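The primary structure of each chain is shown beneath.
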Amino acid sequence: MSDAQEGDPVDAASRHVPVMLDEVLELLAPALAVPGAIHVDGTLGMGGHAEAVLEADPQVRLVGIDRDPQALDLAGERLARFGDRVTLVHAVNDEIDEVLEGLGLETVTSAFFDLGVSSLQLDETERGFAYAHDAPLDMRMDPTTGPTAADVLNTYEARDLSRVLSEYGEERFARKIAGAIVREREVTPFVTSGPLVELLRRTIPAATQKGGGHPAKRTFQALRIEVNEELSGWRRALPAALDRIAVGGRLAVLSFHSLEDRITKRGLAAGAASTTPPDLPVELPEHAPELRLLTRGALTPTESELGTNPRSASVRLRAAERIRVPRRTKGTVR
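Since this is a predicted model, take the numbers as computed values, not measurements.

**Q** Please clarify how the overall build of the protein chain should be interpreted in this entry.
**A** Scanning the protein chain from terminus to terminus reveals 15 helices and seven strands. Each of the 334 residues in the protein chain was classed as buried or not, and the buried ones make up 54%. Put simply, of all contacts in the protein chain between residues at least 6 apart along the chain, 71% involve residues at least 24 apart. Carbon and sulfur atoms provide 52% of the accessible area of the protein chain, an area that totals close to 15100 Å².

**Q** Looking at this structure, I do not really get unusual backbone geometry. What am I missing?
**A** In most cases, non-glycine residues show a negative phi, while peptide bonds are predominantly trans. Phi at M139 is positive, roughly 70°, even though this residue is not glycine. Here M139 shows up in the loop between α6 (119-123) and α7 (149-155). Residue M139 is classed as buried on the basis of its relative accessible area of 0%. Positive phi, close to 50°, is recorded for E229, a residue that is not glycine. As for its position among the elements, E229 is in the loop between α12 (217-228) and α13 (230-244).

**Q** What am I meant to see in the side chain of E230 here?
**A** Assignment of secondary structure puts E230 in helix α13. Those residues in contact with E230 that lie beyond four places of it in its chain are G116, M141, R224 and I225.

**Q** I'm lost on the pattern of salt bridges in this one. Help?
**A** Close approach of charged atoms allows side chains with opposite charge to pair. With the rule as written, the count across this model stands at 15 salt bridges. R201 is paired through a salt bridge with E198; the nearest N and O atoms lie 3.9 Å apart. With R201 and E198 both in helix α10 (residues 193-203) and three residues apart, this pair spans about one turn of that helix. Of the residues examined, R201 reaches a relative accessible area of 39% and is grouped as partly exposed. For E198, a relative accessible area of 42% corresponds to the partly exposed category. Across the pair D261 and R318 runs a salt bridge, and its minimum N-O distance is 2.8 Å. Taken together, the positions of D261 in helix α14 (residues 258-271) and R318 in strand β7 (residues 316-322) put the pair 57 residues apart, joining distant regions of the chain.

**Q** Can you help me understand the packing of helix α9 (residues 174-187) against α10 in this one?
**A** In a pair of packed helices, the angle between the axes and the distance between the axes together describe the arrangement. The interhelical angle for the contact between α9 and α10, taken along N-to-C directions, is 130°, at an axis separation of 10 Å. Considered as vectors, α9 and α10 are oriented oblique to each other. For the pair α9 and α10, the crossing hand works out as right-handed. Where α9 abuts α10, its residues K176, I177, A180, I181 and E184 lie against L196, L199, L200, R202 and T203.

**Q** Please explain the nonpolar core as it appears in this structure.
**A** It is characteristic of soluble globular proteins that their nonpolar side chains tend to be buried jointly. F113, L137, L196 and L251 are the most contacted members of the largest nonpolar core, which totals 61 residues. Formed by 17 residues, the second largest nonpolar core is a distinct cluster that contains L32, L254, F256 and A319.

**Q** Explain the packing of α13 against α14 to me, please; I cannot follow it from the model alone.
**A** Relative orientation of the contacting elements α13 and α14 amounts to 25°, with a least axis distance of 10 Å. When the axis of α13 is compared with that of α14, the two are roughly parallel. For the crossing formed where α13 meets α14, the hand is right-handed. Counted together, L231, W234, R235, L238 and L242 of α13 and L259, E260, I263, T264, G267 and L268 of α14 form the full contact between these two elements. Split into classes, the residues belonging to the contact of α13 with α14 amount to seven nonpolar, two polar and two charged.

**Q** Teacher, can you tell me more about the sheet that holds strand β2 (residues 61-66) here?
**A** Strand pairing in a sheet relies on backbone hydrogen bonds. The paired strands run either parallel or antiparallel. Pairing within the open sheet is mixed, and its seven strands lie in the order β3-β2-β1-β4-β5-β7-β6. Among the strands making up the open sheet, the edge pair consists of β3 (86-90) and β6 (291-293). Averaged over all neighbouring strand pairs, the angle between strand axes comes to 15°, with direction disregarded. Helix-sheet contacts for helix α3 (residues 48-56) involve β1 (38-41), β2, β3, β4 (108-114) and β5 (245-255), and the interaxial angle to β1 is about 170°.

**Q** So what exactly am I meant to see when it comes to the environment of L25 here?
**A** Tracing the backbone shows L25 in helix α2 (residues 21-32). Residues L25 and A52 lie 27 residues apart in sequence; the distance between their C-alpha atoms is 7.8 Å. Leave out the neighbours within four places in its chain, and L25 touches A52 and V53.

**Q** Can you walk me through the pairing of β3 in this structure?
**A** Moving residue by residue along a regular strand, the side chains alternate between the two faces of the sheet. The pairing of β2 with β3 spans five bridges and is classified as parallel. Pairing of D66 across the sheet is with H90, part of β3. For the crossover from β2 across helix α4 (residues 69-79) to β3, the handedness is right-handed.

**Q** Help me understand the pairing of β4, please; the structure alone is not making it clear to me.
**A** With seven of seven residues buried, β4 is to be regarded as a mostly interior element. Note: β1 against β4, three bridges, orientation parallel. Looking across to β4, one finds that H39 is bridged to S110. In this sheet, β5 lies alongside β4 in parallel orientation, the contact comprising six bridges. Residue pairing in the sheet places F112 in a bridge with A252 of β5.

Quick notes on the rules
- Residues numbered from 1 in each chain as written.
- Predicted model: local features only at pLDDT ≥ 70, side-chain atom pairs only at ≥ 80, totals over all residues.
- Heavy atoms only, no water.
- Helix = DSSP H or I, 4+ residues; strand = E, 2+ residues; numbered from the N terminus.
- Buried < 20%, exposed > 50% of the residue type's maximum accessible area, 1.4 Å probe, protein only.
- Contact = heavy atoms within 4.5 Å.
- Areas by Shrake-Rupley, 256 points an atom, 1.4 Å probe, with all protein chains shown as cover.
- Salt bridge = Lys/Arg side-chain N within 4 Å of Asp/Glu carboxyl O.
- Axes fitted to C-alpha atoms, helices over the stretch in contact; angles between N-to-C directions.
- Parallel < 35°, antiparallel > 145°, perpendicular 65-115°, else oblique.
- Left-handed = near helix turned anticlockwise from the far one by under 90°.
- Core = buried A, V, L, I, M, F, W, Y, C linked by side-chain atoms within 4.5 Å.
- Nonpolar A, V, L, I, M, F, W, Y, C, P; charged D, E, K, R; others polar.
- Pairing = 2+ DSSP bridges.
- Right-handed = clockwise from strand over helix to strand, strands pointing away.

If you want it as structure tokens, here you go:
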């Protein structure tokens with residue numbers, strides 16, 4: 001989600017540089033200024049964006065959601081000075097309905113999502129997200145539950161591994177890698193990242209490695225997305241969050257991967273389009289657009305931000321405003 005360097009102090013403010021902070025605050029500002037504003041940060045992380053939102057207006061109440069208990073602890077320390085204006089919840093962002101219902105909130109005035117892996121997760125070697133160190137193949141954003149990356153590698157059939165690597169990592173050599181993984185695990189099951197990285201170095205053609213970046217990049221990305229159900233979760237979370245935004249409220253999303261950005265783009269575009277049947281001569285109120293897009297395409301980081309926060313290179317920022325009551329069509333974004 002943002003930049004931090006290994007060996008930095010453990011406090012969240014020192015480790016977390018919020019990505020595109022000024023742009024996010026500008027897009028959310030009208031909603032944050034509403035009296036009694038309630039803001040949901042659906043991917044709280046180490047609380048950098050949330051802190052800025054709370055500082056922007058002394059009346060804003062924050063509901064911070066994160067699946068990572070360590071992130072919640074660090075963010076809690078960072079945001080402690082805001083007292084009872086802050087409510088933190090251990091949950092996945094597609095559980096936003098349950099979270100808000102549990103707090104007695106029907107609607108909120110704004111919501112923000114900073115998708116993907118966080119600096120905390122990347123920089124904590126033992127979490128297994130980074131391929132630069134030999135570490136346990138975990139990759140769970142919530143280390144208290146669910147299968148690990150090692151479980152995926154050691155139990156998935158070759159065709160399922162190939163699908164994961166191809167769809168989530170956009171890996172050209174997915175089938176070849178999957179076959180190599182299955183053969184390797186029959187001799188020695190995967191436990192740490194080192195053997196997997198070495199297998200990838202042997203399997204991916206040398207010519208591709210010269211110009212294609214680190215050979216493990218796409219495979220590690222794919223495993224992380226699969227382990228945490230990131231894309232399927234976001235397909236559920238986005239419509240659920242949009243349905244909770246009050247009229248005049250706003251939602252902003254930072255995406256670091258083309259696949260999650262595509263889900264965001266389609267979900268916001270669908271809400272901003274009329275659903276009037278083509279054979280109707282006039283647009284009926286119930287078919288009018290629900291959203292107004294606030295960005296033309298996606299905003300990208302400035303050269304200045306890229307210089308101070310290299311991990312922001314791939315980020316895309318999209319936002320929308322709710323302009324009428326939602327149709328409450330639950331489901332997922334395709």
